[in-house]
Structure formats: structure tokens, C-alpha cells
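# Commentary on secondary and tertiary structure
Below, each chain spelled out in residue letters.
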Amino acid sequence: MIQKTRGAIAAGNLQTAEAGIEMLRLGGNAFDAAVAAVLASCVTEATLTSLAGGGFLLAHTQHNENILFDFFTQTPGQKRDVKDIDFCPVSVNFGSVAQEFHVGLGAIAVPGTAKGLFHVHKRLGRLPLEVIVEPAIHYAKTGVLLDDFQSYCLKILEPILLRTAGAREIFAPNGALLQAGETFAIPDLADTLNCLVEEGVEAFYEGEIAQQLVKDCQENGGYLTLEDLKNYRVIERKPLKTSYRGNTLLTNPPPSSGGSLIAFTLSLLSQLDLSTVGFGTTEHLKILSNAIRLTNQARTDGYDANLYQPDVAQNFLSSEHISQYANQLTPVTNKWGSTTHLSVVDAEGNAASVTSSNGEGSSHVIPGTGVMTNNMLGEADLHPTGFHQWQNNVRISSMMAPTMVLQQNQPEIVLGSGGSNRIRTAILQVISNIIDFDMSVDDAVNSSRMHWENDVLSLEPGFHHSDFEKTSFPFNGELVLWENHNMFFGGVHTVMQHPDGTISGAGDRRRNGSVATS
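Below: a short report on this structure. Computed from a prediction, not measured in an experiment: that's the story for all the values here.

The secondary structure content of the protein chain amounts to 18 helices and 23 strands. In terms of C-alpha radius of gyration, the protein chain reaches 21 Å, essentially the compact-globule figure of 24 Å for 518 residues. Counting only C-alpha atoms and orienting by the principal axes, one finds that the protein chain spans roughly 60 × 55 × 45 Å. Relative to its full complement of 518 residues, the protein chain shows a buried share of 65%. A total of about 18,500 Å² of accessible surface is found on the protein chain, and carbon and sulfur atoms cover 46% of it. Put simply, the protein chain has 33 plus and 54 minus side-chain charges, and the middle of one group is 3 Å from the middle of the other.

Spelled out as C-alpha cells, the structure:
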């Protein structure tokens with residue numbers, strides 16, 4: 001949809017988007033809308049995000065200030081003997097393949113979402129906090145109807161959601177998981193949100209909620225201490241800034257990895273004129289897969305090992321380093337990804353790109369709060385060197401990459417994605433679709449995608465499959481042709497502002513995305 005508006009929001013659920021757009025109708029700005037929408041998503045997308053998860057918000061203000069708010073999860077300050085830790089593998093069956101996750105109190109990292117949202121509101125918001133939280137409180141009290149996608153999320157996470165009494169109370173109040181069309185409510189969460197408005201977010205990090213979480217962890221095999229929670233801080237970072245074909249790109253900087261890897265791949269693609277290749281052709285897919293392969297190769301060349309060094313992105317994206325791989329760029333498995341994203345632009349020139357996650361959830365619900373805690377210490381993707389090997393008291397590196405493309409210092413494209421390791425490949429393909437192939441935002445988001453990882457090339461239907469010759473690709477691995485578009489390939493909810501002032505948006509249909517305008 002394209003129209004002159006006070007603003008637009010693209011999100012993973014219609015009710016999430018409506019919660020945000022209501023803030024614009026009430027005279028709020030994009031940051032009010034973003035905070036309200038993320039809070040609402042803790043109900044409307046409860047398997048994907050939580051107050052006890054983590055995330056990032058990339059902000060562009062009408063005064064041309066760019067800020068990356070990092071409220072992702074933190075590793076605890078102390079370790080315990082592994083034999084005393086509640087850290088359990090859980091197998092999640094996706095039909096054709098099963099994937100193992102780790103849950104339990106020992107999988108909980110220091111949460112950041114609650115403090116992050118309250119920090120952003122205080123820093124950039126306009127409306128009173130009690131107005132911002134009202135949609136989330138309403139949804140939590142009265143309930144929302146589960147749609148097919150959220151019902152699917154419940155089904156595949158069934159072993160986690162039925163593991164503890166606290167989780168069963170929320171997701172299976174009558175003894176069985178709620179189904180599509182049934183009402184889903186979290187009345188305890190409504191009380192928690194009211195408490196945070198009245199007492200401040202410190203209640204979550206120092207008050208009774210914090211003390212209850214710490215008691216649970218210390219008595220039953222978790223790491224978290226009251227010091228971990230008290231010492232947690234939202235970090236305001238300078239976004240990673242690069243360019244692609246004359247457009248300014250802002251994204252998530254280190255210690256998170258997704259933004260730098262997107263920037264590296266786009267730098268490789270900029271060496272070629274993709275507009276002459278044709279979208280979806282074998283040549284196009286060969287170039288994309290090779291660029292992603294080279295990015296993965298370059299990542300092992302000092303990036304991961306130096307993740308917490310101040311100059312890691314500068315060195316990784318230097319022309320000297322990129323040139324080592326660019327000259328190799330010649331035209332030549334079902335996973336979860338419990339992350340959600342939303343993008344907001346208002347008519348004043350403010351924009352927000354927010355990605356948040358609860359992992360798969362630890363299965364532990366803080367008693368009396370309606371809040372399930374994250375399992376970020378149990379995510380294999382976030383701990384490539386092995387579980388329990390994490391460095392104490394540091395931000396966990398993430399593939400989350402809320403991103404903006406600016407034209408003449410104004411937000412042109414605001415986007416991001418869920419999807420674990422597929423986040424970066426999904427985002428860069430949407431950016432390329434808009435800039436290289438001049439697609440509308442809806443076509444760019446909902447066209448077929450590919451993903452290359454571990455010598456496996458996965459392709460959605462819609463490409464020219466009859467033309468594929470496996471041996472022509474720059475690797476000797478497996479070619480997987482998917483029968484349908486799938487959430488495996490991300491959920492890139494995107495808003496685009498045009499030179500004439502109109503705003504268009506697209507929700508990724510792979511994850512039931514929706515757009516709301518005002």
C-alpha cells in the first residue's frame with residue numbers, strides 16, 4: 001500500500017502493528033510506536049519475544065541523529081559448576097527434521113528488553129508511558145485470537161512450552177496447547193506492565209521480580225545474581241555506517257555480527273552490476289551464493305576472534321580486506337529462528353528498526369509475572385565455541401541486524417528480520433531487490449529467497465529451477481529445493497519512504513507480517 005500518512009509500521013502480526021500505529025494517531029512519534037508495538041508483541045507474538053529477552057533498536061531522528069540502542073542479553077558475571085546447572089536438551093520436531101535446543105534455568109542470560117524499551121521511551125518518546133503500555137495491557141487482559149502462524153509456533157515449541165507448570169499455565173491453560181482461533185491471554189503480564197509503569201523498570205531489575213528470578217536461579221540451577229540484574233545497562237552505540245551503490249547503510253555494529261556480515265556481502269555485490277543479470281536467474285543465484293560463501297570465509301579471517309576489539313569492523317570492512325575476496329567473486333535444513341522484527345517511519349522524519357527475541361524461551365516463567373525468560377545461553381548459534389565457554393559479563397554476539405538505508409540523510413528503507421543465521425541473507429536480498437532490481441517494497445520482501453550455509457544452498461520456489469546445474473555453483477554441497485516459501489528464510493518486515501512523501505510497507509508473508517498506516 002502507498003499513501004500519504006502520518007506514518008506506517010510493518011510488523012509480524014496485525015495486532016502488533018495496530019498497537020504501534022495507535023501511538024501515531026494519538027500524536028506520538030515513531031519511537032512511541034516502536035516501543036508500544038514491541039510491548040504488544042510480548043502477547044501477540046509471545047513465542048518469539050518477551051520482556052525477559054533481548055534486542056536492538058536502530059533509531060534515526062528528525063534531527064539526523066543515528067543511534068543503535070543495544071539491549072541484547074548479557075552473560076552472567078559468575079559461572080557455576082556445570083553439574084549444578086539446569087541445562088537440558090530439548091528436541092523440536094519440524095516434520096522432516098528435528099533440531100536440538102537447550103533450555104532450563106542455566107540457559108537464561110541477563111535480560112535486556114524491559115530496560116531497553118523503557119530507556120528508548122525516556123530518551124526519544126513523546127507520549128506518557130501509561131499510554132504506551134495500554135495496548136499491551138489490553139491484549140494481555142482480554143486476550144487475542146491465535147492466528148495460524150502463532151499456532152504453528154506453539155506446536156513446534158511444544159516440548160518447551162509444556163515443560164514447566166508456569167509455561168503450561170500460559171500456553172496450555174486447559175491441559176493442551178491452545179489452537180488457532182482460540183483466545184490467548186496473559187493476565188499476569190498485564191499486572192506486571194502496570195507495576196513497571198507505577199514503580200519504574202527498576203522493579204524488574206532490583207525489586208520483587210528481580211529477587212524472585214534470582215532466587216529461582218540460585219536454588220534451581222541458574223547463573224543469574226542480583227548483581228547481574230542491577231548492573232545491566234542499555235548501551236547506546238554508533239551504528240555501523242557503510243554504503244551500497246550510493247546509498248548510506250546503517251546497521252548493527254560489533255560485538256554483534258549480523259550488520260558487519262551484511263555490509264561485507266553488499267560490498268562484494270557492489271563490484272558487479274546485478275541489474276544486467278536478471279532476478280532469479282541461475283547467474284544471479286550463483287553470484288549471491290558465492291558472495292555469501294566468501295563472507296563466511298572472510299568471517300573466520302580474524303573477525304570472530306577479535307569481536308570485542310574496537311577496530312574489528314573497520315579492519316573487516318577495509319578495502320584491503322574486501323579486495324582479497326572481491327577478486328574471487330566472478331559471475332559464476334529447517335531451523336527455527338524465534339525472533340521478530342518491526343519497522344516504523346513517521347511523517348516527521350523519525351524512523352525505528354527493532355529486532356527482539358526470547359530465543360526459544362527457557363521454559364521458566366517468573367512466578368506471578370507472565371514473563372517467560374530467554375534461553376540465550378542455550379543457543380548453539382550464539383556460542384559457536386561451545387556451551388558454557390562464554391566470557392563473563394559481556395554482551396552476547398547476535399545475528400540481529402536492524403537496518404536502515406538513507407538517501408540524503410533521510411530514511412528511505414527501514415528493515416530487519418528474524419531467522420537466526422538467515423537474518424543477514426534475508427536482509428541483504430531485500431536491499432538488493434529494491435536497489436538493484438527496482439522492485440516495489442512488497443515484491444522485494446515477498447519474492448523468492450535463497451540461503452547458503454555449510455555447503456547447502458536452499459532455494460524457495462519461484463526461481464528457474466529447470467535451468468539449475470548443480471555443478472555450476474561455487475561449491476560441491478547439497479542443493480535443496482523448497483516446496484513453499486517458509487519462515488526458515490526470515491521475516492523481513494519493511495517500510496519504505498518515497499521522495500514524494502508517500503510511505504509503502506510490506507509485512508513478510510512467511511511470518512504473517514502485516515502493515516498498518518495512519
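In this section: the layout of surface pockets. By volume, the largest pocket amounts to about 480 Å³. Taken together, 25 residues make up the lining of the largest pocket; nearest its centre are Leu307, Tyr308, Leu382, Pro384 and Ser397. By residue class, the composition of the lining of the largest pocket is nine nonpolar, twelve polar and four charged.

Right, let's get into empty space enclosed by the protein. What the largest cavity holds in volume is close to 90 Å³. In terms of lining residues, the largest cavity is bounded by Cys42, Ala46, Thr49, Ser50, Leu51, Ile170, Phe171, Ile186, Leu189, Gly370, Val371 and Met372. Mapped by element, the contributors of at least two residues to the lining of the largest cavity are helix 8 (165–171) and strand 15 (371–372). The volume enclosed by the second largest cavity comes to roughly 50 Å³. Looking at the second largest cavity, the residues that line it are Ala11, Thr16, Val38, Ser41, Glu45, Thr340, His341, Leu342, Val354 and Ser356. Secondary structure elements with two or more residues in the lining of the second largest cavity: helix 2 (30–44), strand 12 (339–346) and strand 13 (351–357). Sorting elements by how many residues they give to the lining of the second largest cavity places strand 12 first, with three residues.

Reading across the sheet, the seven strands line up as 9-4-3-13-12-2-23 and stay open at both edges, with antiparallel pairing between neighbours. The sheet is open, and its two borders are formed by strand 9 (235–237) and strand 23 (514–517), each paired with just one other strand. Ignoring which end each strand starts from, the neighbouring axes of this sheet average 15° apart. The sheet contact formed by strand 2 (residues 7–11) and strand 12 spans four bridges and is antiparallel. Residue pairing across strands places Gly7 opposite Asp346, the latter belonging to strand 12. This element, helix 1 (residues 14–25), spans strand 2, strand 12 and strand 23 of the sheet and lies at about 160° to strand 2. Against the sheet, helix 3 (residues 113–124) makes contact with strand 3 (54–60), strand 4 (66–71) and strand 9, and its axis sits at roughly 155° relative to strand 4, the strand it touches most.

How each quantity is defined
- Residues numbered from 1 in each chain as written.
- Predicted model: local features only at pLDDT ≥ 70, side-chain atom pairs only at ≥ 80, totals over all residues.
- Heavy atoms only, no water.
- Helix = DSSP H or I, 4+ residues; strand = E, 2+ residues; numbered from the N terminus.
- Rg over C-alpha atoms; globule rule 2.2 N^0.38 Å.
- Buried < 20%, exposed > 50% of the residue type's maximum accessible area, 1.4 Å probe, protein only.
- Areas by Shrake-Rupley, 256 points an atom, 1.4 Å probe, with all protein chains shown as cover.
- Lys, Arg positive; Asp, Glu negative; His and termini not counted.
- Charge placed at Lys NZ, Arg CZ, Asp CG, Glu CD.
- 1 Å grid on protein atoms, 1.4 Å probe; cavity = no way out; pocket = protein on both sides within 12 Å on 5 of 7 lines; lining within 4 Å.
- Points joined across faces, edges and corners; volume = space filled by probe spheres on them.
- Nonpolar A, V, L, I, M, F, W, Y, C, P; charged D, E, K, R; others polar.
- Pairing = 2+ DSSP bridges.
- Axes fitted to C-alpha atoms, helices over the stretch in contact; angles between N-to-C directions.
- Contact = heavy atoms within 4.5 Å.

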